[in-house]
Amino acid sequence: MDSKPALSAPELKAQIEAERAGRPFLVFREGEGEQLILPLEANAELWVGRSPSADVRLGWDEEVSALHAQVEVVRDECTLVDDGLSRNGSFVNEERVHGRRHLRDGDSLRFGRTVVVYRRPGENAPEATAVASEMPAAATISPAQRKVLVALCRPYKDSDSFATPATNQEIGAELHLSVDAVKTHMRALFEKLDVGDLPQNQKRVALAERALQTGIINRREL
């Protein structure tokens, strides 16, 4: 199975913009490593496979069947369907799908060696599985930095994708820290979650949304 490289700043920005559009979407990398984002329209049926006729074409992956599986969209609800048509099977969070599997925000779908992540913006799904390759950053975050990150994300408690992250003053008041101490933690978090190269006015939103998107911070903690 192909490993997923860390997101670049433009790729993270593209995912954030897709989230703000409000529709479910799929995000994956094509054979040369370029990130692709596919919005899912309501009441659609999309074929996944290597065939040129597939809606989600994975032509670079020889382990994917010509027509491998389907993604069904009913309003904002998505289901992965694999009725045995594929030779190597389809997997959700590394569990093989036999028939149908309802998808939740953050689920990792695997067809052959290709991983496709399902995103449903605004879904409050504590049980959703984070993309494994994004999780190593969590191991480097100190307990103090984690408290700052939770406080930063607090305005997103009600799943509002248009929320504004907490200010340094608000974080300091909640955690009884000076604003300078909060700024020090924030600079470290920008680097650890790979948003340090974004424009200054985008970093805080990108940091909060990435922490929630990858599961480093769970909405239950807010």
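The preceding data block contains the structure.
Described below are features of the structure shown in this document. (Residues numbered from 1 in each chain as written. Predicted model: local features only at pLDDT ≥ 70, side-chain atom pairs only at ≥ 80, totals over all residues. Heavy atoms only, no water.)

### Observations concerning the overall build of the protein
Okay, so step 1: Regarding its fold elements, the protein presents six helices and eleven strands.
Okay, so step 2: Buried residues in the protein amount to 48% of all 222 residues.
Okay, so step 3: For the protein, the computed accessible surface area is about 11,000 Å², with 49% contributed by carbon and sulfur atoms. (Helix = DSSP H or I, 4+ residues; strand = E, 2+ residues; numbered from the N terminus. Buried < 20%, exposed > 50% of the residue type's maximum accessible area, 1.4 Å probe, protein only. Areas by Shrake-Rupley, 256 points an atom, 1.4 Å probe, with all protein chains shown as cover.)

### Some details on the packing of helix α4 (residues 168-175) against helix α5 (residues 179-192)
Okay, so step 1: Between α4 and α5, the least distance of the axes is 9 Å, while the angle of their chain directions is 110 degrees. With respect to their mutual orientation, α4 and α5 come out roughly perpendicular. Contacts between α4 and α5 involve N168, Q169, I171 and G172 on the former and, on the latter, V179, V182, K183 and M186.
Okay, so step 2: Taken together, the residues that form the contact of α4 with α5 break down as four nonpolar, three polar and one charged. (Axes fitted to C-alpha atoms, helices over the stretch in contact; angles between N-to-C directions. Parallel < 35°, antiparallel > 145°, perpendicular 65-115°, else oblique. Contact = heavy atoms within 4.5 Å. Nonpolar A, V, L, I, M, F, W, Y, C, P; charged D, E, K, R; others polar.)

### Side note on the sheet that holds strand β5 (residues 69-74)
Okay, so step 1: Strand order in this open sheet of five strands is β4-β3-β5-β6-β9, and the pairing throughout is mixed. Both edges of this open sheet fall to β4 (56-57) and β9 (99-102), since each of them pairs with a single strand only.
Okay, so step 2: Bridging between strand β6 (residues 77-82) and β9 involves four bridges; their strand directions are antiparallel. Note on β9: the bridge partner recorded for D82 is G99. (Pairing = 2+ DSSP bridges.)

### Some remarks on unusual backbone geometry
Okay, so step 1: Non-glycine residue E94 carries a positive phi angle of around 65 degrees.
Okay, so step 2: For E94, the position within the fold is in the loop between β7 (90-92) and β8 (95-96).
Okay, so step 3: Positive phi values are uncommon outside glycine, yet H176 reaches one of about 60 degrees.
Okay, so step 4: You can see H176 is positioned in the loop between α4 and α5.

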